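Each chain, letter by letter, is given below.
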Amino acid sequence: MAQMVEAILQNQLDRGGMLNDIGNSWRTRYERSGNLQYLKGAITLLETILEETPANHPDRPARLNSLAEDLSRLYERSGNLQHLESGIARSQESVELTPEGDPDRAGRLNNLGNWLCSRYERTGNLQDLEAAIARSQESVKLTTENHPGRARFLSNLGTNLVRRYERRGDPQDLEAAIAHTQKAVELTPEDHPDRASHVDKLGNRLGSQYERTGDLQDLEATITRSQEAVDLTPEDHPDRATHLNNLGNWLISRYQRTGDLHDLEAAIARSQEAVELTPEDDPSRAVILGNLGNNLATRYQRTGELQDLDAAIVRSQEAVKLTPENHPHRAIWLNNLGNWLGCRYTRTGNLQDLGNAIARSQEALDLTPEDHPDRAGYLNSLGNWLGCRYERTGDLQDLEGAIARSQEAVGLTPKGHPDRAGLLNYLGNWLSGRYQRTANMQDLEDAIARSQEAVALTPKDHPDYARCLNSLGNWLASRYQRTGVLQDLDAAITSLEKAVKLTPKDHPERAVMLGNLGNILATRHQRTENLQDLEAAIARSEEALELMPKDHPDRAGWLNNLGNQLGRRYERTGYMQDLETAIARSHEVVKLTPKDHPDYARWLNNLGSWLGRRYERTGDLQDLEAAIARSQEAVEMTPEDHSGRTGWLNNLGARLGSRYERTGDMQDLVAAIGRSQEAVELIPKDHLERAPMLVNLANNLARRYSRIKDLQDLDAAMALSQEAVDLTPEDHAQRAGCLNSLVDWLSSRYTRTGALQDLESAIAQSQEAVELTPEDHPNRARRLNTLGNCLGSLYERTEDLKDLEAAINRVQEALELTPKDDPDRVTPLSNLGALLNSRYERSGNLPDLEAVISAQIDIWNTNAARILTRLRSALSAASVLVFNPLVKDLSRAWPLLHAATHHLMPLATARSLEREDQQYILAQLTGLTSLAAAVSLEIGHPPLEALRLQELGRSVTNGQLLDYRSDISDLIERHPALAQEFDSLRQELDSPFPSPQPLSSDMSKSKRLQIQQTAINRRNKIAKDLNNILVQIRQKPGFENFLLAESEEYLLSAARGGPIVALNVTELRSDAILLTKDHVRSVNLPHLSHASMIKYFGESVTTDDNAVMRDLLKWLWKGAVRPVLQELGFYPHKVDPLPRIWWIGIGLMAKAPIHAAAKYNKSSVKIVMTTLQYCHSSYTSTIRALQYSRSHDSARQCQQNASTLIVTMPTTPGAGPLPSATKEADEIRYRLRNFCTVDILARPTAEFVLQALPSYGITHFACHGVSSINPADSHLMLLKESISDDGLRVQKVDKLCVKDIAALKPQAARLAYLSACNTANSASLELADEVTHIVSSFHIAGFFQVIGTLWPAQDEACHKMAACFYTTLSETDNVAVSYRNGILRLMKQKPAQPIYWAPFIHFGA
C-alpha cells in the first residue's frame, strides 16, 4: 500500500483527483473490512492532498471535511484524543471556508457538531456540548423541509440534546430531542435506507423518557420503534446488529420493570443474534458482546443460574480483549467485567473474583481521564467492590476506600446531573456501613443527609424516586434503632410506604421495598406493641415473597424476615403455629444459603433464636442444644469487629444461661456471662439495643448470685437493669421487661438485706411493668407473678392479710394467663403454693393446704419443666402428705417419692456436669432418699425396695465415677466393640474438665471463651454419646441392668464377708436395713429419733465436749447398734471369730460414729458395752462402692513388701503445729522396717504428691485436713513456696483437694491412712448423703481401704493410733484387725474421752 501511495505521489497528471478517488476507495474498504491500514492510508492521502491544496481552492472545504470524517473514525477506533482534536480542527476550518449560502455548509456544520459532541463525551467539557448543539441547530436552520439531509441533521441534533439532558437532567432537552427525532422519522420515506437508523434513535429517545418518567407507554413505544428498526434492516445489512443490540437493551428495561421472563429471554436472543451477525473483526463487536454479557448477568440475577453469570463474564472478557488498550470504550468493558466478577463473588464468596473485580474497576478508572464524564460511574463501581471486600474481611481501609471513591464520584457529578442522586445513594450506603462498624453517629447522620439530598434531587415522577425513598427509610430506621426517637421510625415508614406506592405492582423492585417496609413496621411493633403494625409487616413480607420468584437468589433474605415477624407475632400472641412457621422459614433460609455467604451467620443466629423460643415454650432440651449450636456457629464464623457479632453474642449468652438453668452446669453460666459481657462491651452506650443486652447480662449475673450468693453479682445485676430502664423511652414496649428485671433483683436484695426501701421500690416498679403490659400480652403473666411475689414478701414483713390476698390474686391471674403446656407455668404454680401455704398457716383453712399439694403435684406432672424443679416439688408435696396429720396420705406420697428417686433423680445430675454442679443440685434434694425409704417400709414394701432406693439416691457423684472405673470384663468378652466404645467415652468423661485458659497477649477474651465453649460442647457430646451407648448395651441379653439398680442376687453377694447395715432416720420412722448373705430384712428403731439426730449432727454440733459425745455414743448404742447386733445374733453373746459389719449411714447418720457406740456405767467413766467388743466395724458409702473395692483380688490385704509413702507437715502456714507428725513418721518407718520399704516426704507440694502416689501401695498423711462446705474443695494442707518480688521466700498452703485425689487412678494403691482432721466428715449437711470427703475420694481413686477421722483428732492420739495400727499390720497384714486393735487401745487409755479415741474410722473393703 505504501508503494502504491508513493507511485501516485510521483504521478503529476491529475494527481489530486487520483489521490481523492483512491482515498474514497480505501475508506469504503475500511468501512467494509475494519482494516485500519485502509483508513490510515486514506488519511495519509487526504493530508497530502490538503498540503498541495491552496487555501482558496474551491475543493479545500470538502477535502477538509473528508479528512475530519476519517480522523473521527480513527478516534472511534483508537481512542486517541489527538485524532479527535485534529478532526475537529479540520472540521472547523472546513466550516469557516464554506460560504454561508453554500448548500454544503449545513452538512459540514452537522459533522462539526457530531465531533464536538464526541469530544464532550470524552472530556465532559460542557462548552463542547453547547457548541455541538449550536452547530447542529444551525445546520437544521440552514435546511429546508424538503432538504435530503434535514432528517439526518434533525436526528443528530436530537442526539446532542439527549447528551445535554443526560448531563443536566432538563426534561425540555429530552422533549426537544424526541420531537426532532420524530420529525426526522416523518421526513424519511419508509423505503429510505436511513429510516431504520432514525427509527432506532427515536426508540432510544423514548427510552430515555421512560427512564425519566417511568411511563410504561414510553417503554412500549421504544420497543415498538426498535423492533421497527430491526424489521426495516435487511439481515445482511451491517447496521442490523446495532438495531438488534438496542432492541435487546429495551427489552431488558421492560423486563426490569415488569419482571416478565419472556422479555429477558427475548433480549438475550436479540443480543446473541447481534453478536452472530457481527464479524469478529468488526469494531462494534465489543459493544454488542458487552451488552450480551450485561443481559446474561441480568438473567443470572433473576434465576441465580451461575452458568449465565459465567457466560456474562466470558462475554465481557471477550469485549475487553477485542478493545485496544487505548480505545475509549475499553474502560466501559473493564468496568462491566469488574461488576460481573463482583457479582460472582457475592454468589460464591471466591475472594479471587472479588480481587479481580477490584482490579478491573481500578484499571477502568486508571484509563479514564479525570475530566471524563464516565469517571464518576467507574469510581462508584470501584467503591462498591471495595465495600464488599470490607464486608468480607472487615479491613477498615477498604471501607474507607469505598467511601472515598463514592465521595469523589459525587464530587465529580454536577448537582443538576441525573446520575447524582444514585451516586449519593451509594455514598449513603457506605457511610451507613461505617456507622455500623464504628458506631460513629456522624456517619449515620451523613448517610441520612446524602439520602435526603438524593430524594430532593430526584423528580417525584422519576422511577428512581422510589428507590431513593427506600434508602432514606432504611437509614432513618437505623437512626431510630440507635436513638429511639420515634419520629425517625415514623418518617422511615412514611418514606417506605411512598416508595411502595410509587412502584408498580408488576415492578421487580417492589418486592424489595415491600420487604423493607415490613421490617420497619415490625420494628415499630417492637416499640409500641401495636399488633396492627405486626400484622401489616407480615402482610408486606408475604406479598414480597409472592412477587419474588422461588428460584431468586435474594429469596432467602425475605424468607428470613418473614420468619422473624412470625416469631415476633408468637412472642406477642403466644400462637404456637407462628413459632413453628418461623422455625421452618429459618431452616429453609439456612438451607438455601451457602455456608460461605456473608449472611449465613445472621440466618444461623435467627434460627437459634427461634429454636430457643420453642425450648422456652416446650422445654425440649434438643431445641436448646440446637439453638446453642447455631448461635455458637454464628459467633465463630463472624469476625470479632463485625457489627452483627454483638447480637450473636447476646443470643448465645442468653441460650447458655438457659442451659445453665436447665442443667446446673456452672461452665455454661461462666460462658454465658462472658458472652453477655462481650456483647455489652461491643455495643455503644447510647444504642437502643443496649437495653436488652444489659438485661441479659443482668440475668446471668443474678443466676450466679443465686448460686454462690456473692452480693457484688446482685448489685451489678441491679445496676445493669437500672441502666436498661434509664435507656428505654417511657413509651417503648421493652420498658416493661426492663422494669420487671429490675424488680427481680430489688426483691432479691430485699430478701438478702431486709431493706424495706428495696421492697417498696420493687412493688412500685412491678406495678408499673404490669400497667405497661397489654392484657392479652403473653408476658403479662410473668409480670403479674413477679408482682405477686413482691406483695407476698410485703405480707411476710407486715403480716397484713390484705397484702397476702393481693399477692394470691396476682399470682392466680398469672396462672390463668399461662398456657397449660408452657413449662414456665411451674413458676406461678410454685409461687401460688407458697402463698396459699402462708394463708393456711395463718388461717388453718384446709382447702388452702389441699391447693398447695395440688400445685406441687401439677409441677411434678409438668414433664417439660426442669428436672430439679420437678424433684423438689415431689419432695415438697410428699413431705406434706407424710407429715401433716390433716392430709396425711402415704398412698399418694409413695408414687411421687418412688418415681422421683427411681426414675428422675438419676437424670438430674447429667454426666456432662462437673462434680460441683452435681453437688449443687443434690444439695436441694436433701432427705428425698431417706423419706422414700421410710415411706416404702411404712406402707409394707419389702426392705429390698428401700435398700435399692438408698443405693440409687445416695453417693450419686461417686457412683458416676464408679461407672467410669468399674470392671467391664464380661462386656469385653461378649460385645467387644460396644465395650471399646463405652470404655473410650467413660475414660474421657473421667478426665478433669480443662480449666479456663489464662488471657495471653496473643489471645483475645472472645477467643478464650470460644475455646472454653468448644470444650464444654465436647464434654456434652461425650456425655450424650455415653448415654446412647448405654442404651445399646442394655438391649443386649444379660446386660439389661448394666450400671443400673442391681439385682437381689448381686446385693446379697455383697454380704458374704459380713452383714451390711444401713441406718435410716426420719421424722416418720427410723430403721436399720440388714443385708446378709441370705436375705434382706429391716429392724424398726424407735429409740433412734430424728430430733436427737438433728441435735447431735445439726448446725450447732460440737466435737469438743466429751459429755455430749458420751451421750451421743449412748444414744447410738441403745437406739441402733444394740438392736442391730441382737437381730444379727451377735449380742448379747459374742461370736467367735469376731464378725465384720459394714455400716452405711443414710443422711446425717453418715456423720455418726457407729463403730464407737457404747454403754457407759452410771458415772460415765467406764464403758460397759461397745460396738468394738462385738464386731469389726467398717464403713462404706454404698453397697456398690464396697463391691468395687472387692472386685480387685488384692483389695483385702496390703501385701508384704509393698512400698509405703509417708507425707508429713509438722508445721503449716496459718494452722497449728503438729509436733508428733515427725515422730509418727519415724515410728511408722520403724514398725514397717521388716514389712515394706518406706519413703518420707516432708512438707511437699500437692503436685509432687499427686505424681508420687501411683507408685506406692500404702500412703500415710500426717498433716492438717479441712472439710469444706463445698465437699469437692475439702483438702489436705500441704506446702507451696515461691519467691516474692523483693526476693523473699514466701510459704503458703498448697491444697491437695478431693477433686484432684478422685481423679487419680493408681494401679499399686492399697491403703491410705489419713492421720488428719475431719477427713471422713462432710461440712455440708445438705450433701451428707453424697459421702464426699477426703476419705471417700481416696477410696474412689483406688485405695480400697482408708483410715480417716470424723472430727478433729488430737496430735497425741494420731501418733499412738498410727503406731499401734502399723505394728499390728506388720504382724497380721489385716487392715480391719489392725484398725480395731489401735482404736481399742486408745479407748482403754481414755474411755471417758471419746473425742480422743473415737474419731478414727475404717472405710472400704
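Caption draft 1: Examining the overall build of the protein chain more closely. On a plain count of helices and strands, the protein chain comes out with 60 helices and 16 strands. Its C-alpha atoms give the protein chain a radius of gyration of 46 Å, clearly above 35 Å, the size a compact globule of 1405 residues would have. In terms of overall dimensions, the protein chain has a C-alpha envelope of 160 × 75 × 65 Å along the principal axes. When the 1405 residues of the protein chain are sorted by exposure, 57% land in the buried category. Partitioning the intrachain contacts of the protein chain with sequence separation of at least 6 by distance along the chain shows that 68% fall at a separation of at least 24. Here the protein chain displays about 57,300 Å² of accessible surface, and carbon together with sulfur accounts for 47% of that area.

Caption draft 2: Structural detail: the pairing of strand β12 (residues 1275-1283). One ladder, built from two bridges, connects strand β11 (residues 1265-1266) with β12; its direction is antiparallel. Note on β12: the bridge partner recorded for G1265 is L1276. With nine bridges connecting them, β12 and strand β13 (residues 1289-1297) associate as antiparallel partners. Along β13, the bridge assignment pairs M1277 with K1295.

Caption draft 3: Here's a closer look at helix α54 (residues 1220-1231). The end-to-end C-alpha distance of α54 is 16 Å, a good match for the 16 Å that 12 residues give at a rise of 1.5 Å each. Along α54, the residues classified as buried are S1220, A1221, E1224, A1225 and I1228. The arc that holds the buried residues of α54, viewed along the axis, is 140 degrees, so those residues lie on one side. Among the structural elements, β8 (1204-1208), β9 (1238-1242), β10 (1258-1262), β14 (1311-1315) and α58 (1355-1372) are those in contact with the buried residues of α54.

Caption draft 4: Molecular detail of the nonpolar core. By size, the foremost hydrophobic cluster in this structure holds 184 residues, and its most contacted members are W340, I520, W745 and I763. Excluding residues within four positions of it along the chain, W340 makes contact with G293, N294, A297, Q301, L309, A312, I313 and S316. Core analysis: the next-biggest nonpolar cluster, separate from the first, contains 106 residues, A1157, Y1174, F1261 and A1309 among them.

Caption draft 5: Molecular detail of the state of the cysteines. Scanning the model with the defined rule gives zero disulfides in all. Summary of cysteine pairing: C388 is not part of a disulfide, and the nearest cysteine sulfur, belonging to C343, is at 8.8 Å.

Caption draft 6: Just the pairing of β9, in detail. In this sheet, β9 lies alongside β8 in parallel orientation, the contact comprising five bridges. The residue bridging I1206 from the neighbouring strand is I1240, located in β9. For the segment spanning β8, α54 and β9, crossover handedness is right-handed.

Caption draft 7: Up close: the sheet that holds β12. Read from one edge of the open sheet, three strands run β11-β12-β13, paired in antiparallel fashion. One side of each edge strand has no neighbouring strand; the edge strands of this open sheet are β11 and β13.

Caption draft 8: Fine view of the pattern of salt bridges. Under the counting rule described, the total for this entry stands at 75 salt bridges. Among the salt bridges present, the one from E273 reaches R270, with a minimum N-O distance of 3.8 Å. A residue pair is termed a helical-turn pair when its members lie 3 or 4 positions apart in one helix, as E273 and R270 do in helix α13 (residues 261-277) at three residues. Its relative accessible area of 25% is what places R270 among the partly exposed residues. For R572, the salt bridge goes to D776, with nearest N and O atoms at 3.0 Å. Taken together, the residues R572 in helix α26 (residues 555-573) and D776 in the loop between α35 (756-772) and α36 (780-798) connect sequence positions 204 residues apart.

Caption draft 9: Representation of the packing of helix α39 (residues 846-860) against helix α41 (residues 890-908) in the model. Where α39 contacts α41, the axes come no closer than 12 Å and their chain directions differ by 25 degrees. By the angle between their directions, the pair α39 and α41 is classed as roughly parallel. Where α39 crosses over α41, the handedness of that crossing is left-handed. Along its contact with α39, which presents E850, I853, I857 and W860, the element α41 presents R892, L896, A899, A900 and L904. Residues that form the contact of α39 with α41 fall into these classes: seven nonpolar, no polar and two charged.

Caption draft 10: Seen up close, the packing of aromatic side chains. Under the defined criterion, the tally for this structure stands at 10 aromatic pairs. The interplanar angle of 75 degrees and the centroid separation of 5.6 Å between the aromatic rings of Y1188 and F1344 together place this pair among those described as edge-to-face. With Y1188 in helix α53 (residues 1183-1190) and F1344 in the loop between α57 (1334-1341) and β15 (1345-1349), this pair connects stretches of sequence that are 156 residues apart. Take Y1188 and F1344: they sit in the same class, and that class is buried. The interplanar angle of 70 degrees and the centroid separation of 5.4 Å between the aromatic rings of F1338 and F1343 together place this pair among those described as edge-to-face. For F1338, a relative accessible area of 0% puts it in the buried group. Taken together, the ring pairs in this structure connect W1117, Y1131 and Y1174 into an aromatic cluster. A cation over a ring is seen here: R1190 above W1142, with NZ or CZ 4.4 Å from the ring centre.

Caption draft 11: Representation of helix α8 (residues 150-168) in the model. With 19 residues, α8 ought to run about 27 Å at 1.5 Å a step, and its terminal C-alpha atoms sit 27 Å apart, in line with that. The element α8 is extensively covered by neighbouring structure, given that 15 of its 19 residues are classed as buried. Note on α8: the residue one or two positions beyond its end, G169, has a positive phi of about 80 degrees.

Caption draft 12: View of the packing of α35 against α36. Viewed as axis vectors pointing N to C, α35 and α36 meet at an angle of 150 degrees, and their least axial separation amounts to 9 Å. It follows that α35 is roughly antiparallel to α36 by the angle criterion. Remark: the crossing between α35 and α36 carries left-handed chirality. Residues L756, L759, A762, I763, S766, Q767, A769 and V770 of α35 pack against R780, R783, L784, T786, L787, C790, L791, S793, L794 and R797 of α36. Along the lines of polarity and charge, the residues of the contact of α35 with α36 split into 11 nonpolar, four polar and three charged.

The rules behind these values
- Residues numbered from 1 in each chain as written.
- Predicted model: local features only at pLDDT ≥ 70, side-chain atom pairs only at ≥ 80, totals over all residues.
- Heavy atoms only, no water.
- Helix = DSSP H or I, 4+ residues; strand = E, 2+ residues; numbered from the N terminus.
- Rg over C-alpha atoms; globule rule 2.2 N^0.38 Å.
- Buried < 20%, exposed > 50% of the residue type's maximum accessible area, 1.4 Å probe, protein only.
- Contact = heavy atoms within 4.5 Å.
- Areas by Shrake-Rupley, 256 points an atom, 1.4 Å probe, with all protein chains shown as cover.
- Pairing = 2+ DSSP bridges.
- Expected span 1.5 Å × (residues − 1).
- Arc of directions from axis to C-beta.
- Core = buried A, V, L, I, M, F, W, Y, C linked by side-chain atoms within 4.5 Å.
- Disulfide = S-S within 2.5 Å.
- Right-handed = clockwise from strand over helix to strand, strands pointing away.
- Salt bridge = Lys/Arg side-chain N within 4 Å of Asp/Glu carboxyl O.
- Axes fitted to C-alpha atoms, helices over the stretch in contact; angles between N-to-C directions.
- Parallel < 35°, antiparallel > 145°, perpendicular 65-115°, else oblique.
- Left-handed = near helix turned anticlockwise from the far one by under 90°.
- Nonpolar A, V, L, I, M, F, W, Y, C, P; charged D, E, K, R; others polar.
- Phe/Tyr/Trp six-rings, centres within 6.5 Å; stacked < 30°, edge-to-face > 60°.
- Lys NZ or Arg CZ within 6 Å of the ring centre and 35° of its normal.

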